[in-house]
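Examination of the molecular architecture
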Amino acid sequence: MDKVTRLFDFPYYQLDKFNLDTALATKYDGKWETVSSQQYVDRANQLSRGLLRLGVEPNDKIAIISHNNNADWHIADIGILQTGAQNVPIYPTISADDYSYILNHSEAKYCIVSDMEILEKLNAIKSEVPGLKEVYAFRELEGIKSLSEIYSLGEDTNNQQEVEARKDAVTADDLATLIYTSGTTGKPKAVMLSHNNIVSNVLGSEERVPLSSGDKALSFLPICHIFERMVVYLYQYCGISIYFAESIEKMSDNLKEVKPHVMTVVPRLIEKVFDKIHTTGSGLSGIKKKLFFWAIALGEKFEPYGTNGGWYEFKLSIVRKLIFSKWQEGLGGNLKILVSGSAALQPRLARIFGAAGIPVMEGYGLTETSPVIAVNDQNNRGWKIGTVGRMLANVEVKIAEDGEILCKGPNIMLGYYKDEEKTQEAMEGGYFHTGDIGQIDQDGFLKITDRKKEIFKTSGGKYVAPQIIENQMKQSRFIEQIMVVGEGEKMPCAFIQPNFEFVKQWAKRRKIEFTDNNDLVKNPKVIERIEKEVSTYNQQFGRWEQVKKFELTPEEWSVEAGHLTPTLKLKRRIIKEKYMGLYKAMYQPE
């Protein structure tokens with residue numbers, strides 16, 4: 001096979017070009033279970049045959065809800081798509097009410113789940129979803145049918161010709177998947193992506209990633225999100241062996257076992273990795289501690305391509321050998337590249353990791369754009385820290401008069417499922433309106449400055465871009481999460497969730513007594529110390545943008561508690577509602 005035009009072509013292309021012994025690998029009961037390129041294709045065909053015997057028709061919707069990435073998910077994905085049906089991935093952590101909405105809205109006929117926690121949530125709303133015929137588990141689960149039943153239906157190969165006919169009937173422009181965006185307000189929108197939308201994005205991204213057959217990838221970001229899903233297709237296209245991480249808790253172990261060459265990350269993970277490294281460095285003493293902080297200071301000045309000159313590069317070579325080599329070992333020792341998306345990456349961390357020889361290539365895109373619009377690239381001098389890189393060759397971007405990023409290309413969605421009005425609104429003037437504000441510099445690099453909808457105006461008529469302020473202040477080791485508020489008020493204020501792990505260590509070193517998080521956030525010394533951090537970062541902003549007051553929150557902000565979307569963006573309306581008492585305290589008359 002020379003050309004990929006539909007998503008289910010990827011495994012066949014890989015089989016033809018690379019024929020890997022390990023195409024996919026998942027850990028079950030402490031042991032890696034591998035699937036070769038041939039097994040991948042064979043099992044997908046067996047599942048397709050079973051689905052046809054089950055009565056699955058073209059354009060049927062089959063939902064998949066899974067906590068972890070695994071080989072079973074990807075085999076099911078190809079097996080479903082080959083029948084002309086569509087895969088509807090659902091975030092596992094959303095509410096049962098959202099399960100009900102998505103299953104009804106998509107008219108899902110079947111649902112595949114990974115574990116009992118998801119099944120229990122599903123069972124609670126199953127009576128509200130009359131169109132759902134059956135729920136299956138990937139593997140044996142009590143009280144539910146297993147996918148092995150459908151595989152058994154497909155053991156007889158007599159209807160393989162029917163599978164081939166179904167595949168032949170699927171065109172590149174046909175709908176492949178519905179992805180429900182984790183909106184910060186209202187019900188999620190269903191983004192319709194065609195085979196060509198995602199395939200074009202894979203092919204456009206391929207030249208930006210320095211990968212070669214024989215490399216290994218570690219996959220752990222949610223596969224229900226288009227970022228990780230597109231990248232997994234990209235790995236398949238490049239002949240990369242894909243290992244699926246067990247969980248975020250076991251990430252460190254998995255990195256050392258797999259020794260990957262590439263993985264995707266979100267900025268929050270980079271921040272957590274750095275915090276852990278920094279804590280270790282702070283615990284050193286004498287010359288080792290001095291060397292560690294010299295390495296950090298040197299890293300903060302890093303520029304790609306030797307721009308800082310020979311003397312800097314000489315010093316860098318020393319700290320890479322003495323300090324940064326240990327960081328690389330902790331991440332498996334083979335990492336060529338980390339690809340970051342979903343939120344803004346702190347330029348300081350991009351510099352430090354770049355200096356450490358662990359380059360983080362930041363990119364940008366949305367579910368509606370399949371997802372990549374632009375991404376940094378180590379080749380062709382395509383890496384500029386503080387930007388999201390240059391646009392992909394097959395994607396066109398222009399900046400509207402109000403600064404909004406507008407986009408056109410084969411990666412742009414078919415539209416929002418069952419919502420023509422919102423589709424027309426998003427596609428006004430023939431370009432997709434991203435809702436993000438940005439600029440393109442003289443070298444063609446795209447820089448994101450804020451979300452159009454999140455910019456607010458104070459009562460004094462001054463505009464405030466909260467994300468810029470938040471991204472700066474989150475560089476503080478004392479601040480885990482921050483949300484700047486002030487729409488229609490006289491000044492910006494903020495809710496801050498402290499970095500409890502770090503703040504507790506800091507408090508213990510200073511003999512500050514506390515019993516729990518509630519106690520900690522009310523402690524005057526803690527408040528005073530965080531106020532010092534806020535004041536330091538405030539100096540980077542205009543007087544009208546500076547955070548004048550803040551309140552510390554005792555809870556850790558999370559997806560489960562409703563503070564964050566599954567892609568870890570702030571649910572601003574919900575956070576404000578949760579802390580309305582604190583909000584009123586900040587704005588009460590003095």
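Scroll up to find the structure.
Description of the structure in this document. Bear in mind the structure is a predicted one, so any value in this text is a computation, not a measurement.

1. A short note on the pattern of salt bridges
Taken as a whole and assessed by the stated rule, the structure comprises 27 salt bridges. The shortest N-O distance in the salt bridge between D2 and K17 comes to 3.2 Å. Of this pair, D2 sits in the segment before α1 (9-17) while K17 sits in helix α1, and the two are 15 residues apart along the sequence. Judged by relative accessible area, D2 falls into the exposed class, the value being 69%. Salt-bridge contacts for D60 lead to K109; the nearest nitrogen and oxygen are separated by 3.0 Å. One end of the pair, D60, is in the loop between α2 (37-54) and β3 (61-65); the other, K109, is in strand β5 (residues 108-113), and 49 residues separate them in sequence. Residue classification places K109 among the partly exposed positions, given a relative accessible area of 27%. The network of salt bridges with common partners includes K27, E246, K250 and E257.

2. Topic: the packing of aromatic side chains
Tallying each qualifying case throughout the model produces 16 aromatic pairs. When the centroid spacing of 6.3 Å and the interplanar angle of 45° are considered together, the rings of Y110 and Y136 count as tilted. Of this pair, Y110 sits in strand β5 while Y136 sits in strand β6 (residues 134-137), placing them 26 residues apart in sequence. Per residue, the accessibility class of Y110 equals that of Y136, and both read buried. Their ring planes at 50° and their centres at 5.8 Å tell us that F302 and W383 sit as a pair that is tilted. Of this pair, F302 sits in the loop between α12 (286-299) and α13 (310-330) while W383 sits in the loop between β15 (372-375) and β16 (390-391), placing them 81 residues apart in sequence. Under the relative-accessibility criterion, W383 is labelled buried at 10%.

3. Digging into the sheet that holds strand β24 (residues 479-485)
Read across the sheet, three strands follow the order β24-β25-β26 without closing on themselves; strand pairing throughout is mixed. On the outer flanks of this sheet lie β24 and β26 (549-552), each paired with one strand and no other. Along the sheet, successive strands turn relative to each other by an average axial angle of 25°, direction set aside. Here strand β25 (residues 493-498) pairs with β26 via four bridges, running parallel. Across the sheet, the residue bridging to F495 is E551, located in β26. Its contacts with the sheet place helix α19 (residues 524-538) against β25 and β26, and it is angled at close to 135° to β26.

4. What about helix α16 (residues 466-473)?
Within α16, burial applies to P466, I469, E470 and M473. Within α16, the buried residues cover an arc of 100° as seen down the axis, which keeps them to one side. Lining the buried residues of α16 we find β21 (446-451), β22 (456-457), β23 (463-464), β24, α19 and α20 (572-578).

5. Structural notes on empty space enclosed by the protein
Where empty space is left in the structure can be found by rolling a water-sized probe over the atoms. Scanning all chains against the criterion turns up three cavities of 30 Å³ or more. Counted as a void, the largest cavity has a volume near 120 Å³. Along its surface, the largest cavity is lined by 14 residues, and E271, D275, K474, Q475 and S476 are the ones closest to its centre. If you list the elements that add at least two residues to the lining of the largest cavity, you get α11 (267-282), α14 (347-355) and β24. The leading source of residues in the lining of the largest cavity is α11, at four residues. Of the volumes computed, that of the second largest cavity is approximately 60 Å³. As for the second largest cavity, its lining consists of L47, L51, L54, I62, I80, Y110, I112, Y136, L147 and I150. A per-element tally of the lining of the second largest cavity places α2 first, with three residues. Taken together, the residues of the lining of the second largest cavity break down into ten nonpolar, no polar and no charged.

6. Overview of the side chain of S476
Relative to the assigned elements, S476 resides in the loop between α16 and β24. Within the structure, S476 has its side chain in polar contact with the side chain of E533 (distance 2.6 Å). Ignoring sequence-local partners within four residues, the contact set of S476 consists of E533 and Y537.

7. Details of the layout of surface pockets
In this model, the second largest pocket occupies a volume close to 340 Å³. T26, K27, Y28, N68 and N70 are the residues nearest the centre of the second largest pocket, which is lined by 18 residues in total. A breakdown of the residues in the lining of the second largest pocket according to their chemical character gives six nonpolar, six polar and six charged.

8. Some points on the packing of helix α4 (residues 96-106) against helix α5 (residues 116-125)
Axes are the key here: two packed helices are described by the angle between their axes and the distance separating the axes. Look at α4 against α5: their axes get within 9 Å of each other, and the N-to-C directions meet at 70°. Between α4 and α5, the interaxial angle falls into the category roughly perpendicular. Of the two possible hands of crossing, α4 and α5 adopt the one that is right-handed. Across from A96, Y99, S100 and L103 in α4, the residues of α5 making contact are I118, K121, L122 and I125. Broken down by class, the residue content of the contact of α4 with α5 amounts to six nonpolar, one polar and one charged.

What counts as what
Residues numbered from 1 in each chain as written. Predicted model: local features only at pLDDT ≥ 70, side-chain atom pairs only at ≥ 80, totals over all residues. Heavy atoms only, no water. Salt bridge = Lys/Arg side-chain N within 4 Å of Asp/Glu carboxyl O. Helix = DSSP H or I, 4+ residues; strand = E, 2+ residues; numbered from the N terminus. Buried < 20%, exposed > 50% of the residue type's maximum accessible area, 1.4 Å probe, protein only. Phe/Tyr/Trp six-rings, centres within 6.5 Å; stacked < 30°, edge-to-face > 60°. Pairing = 2+ DSSP bridges. Axes fitted to C-alpha atoms, helices over the stretch in contact; angles between N-to-C directions. Contact = heavy atoms within 4.5 Å. Arc of directions from axis to C-beta. 1 Å grid on protein atoms, 1.4 Å probe; cavity = no way out; pocket = protein on both sides within 12 Å on 5 of 7 lines; lining within 4 Å. Points joined across faces, edges and corners; volume = space filled by probe spheres on them. Nonpolar A, V, L, I, M, F, W, Y, C, P; charged D, E, K, R; others polar. Polar contact = N/O pair within 3.5 Å; in protein donor to acceptor, adjacent residues only side chain to side chain. Parallel < 35°, antiparallel > 145°, perpendicular 65-115°, else oblique. Left-handed = near helix turned anticlockwise from the far one by under 90°.

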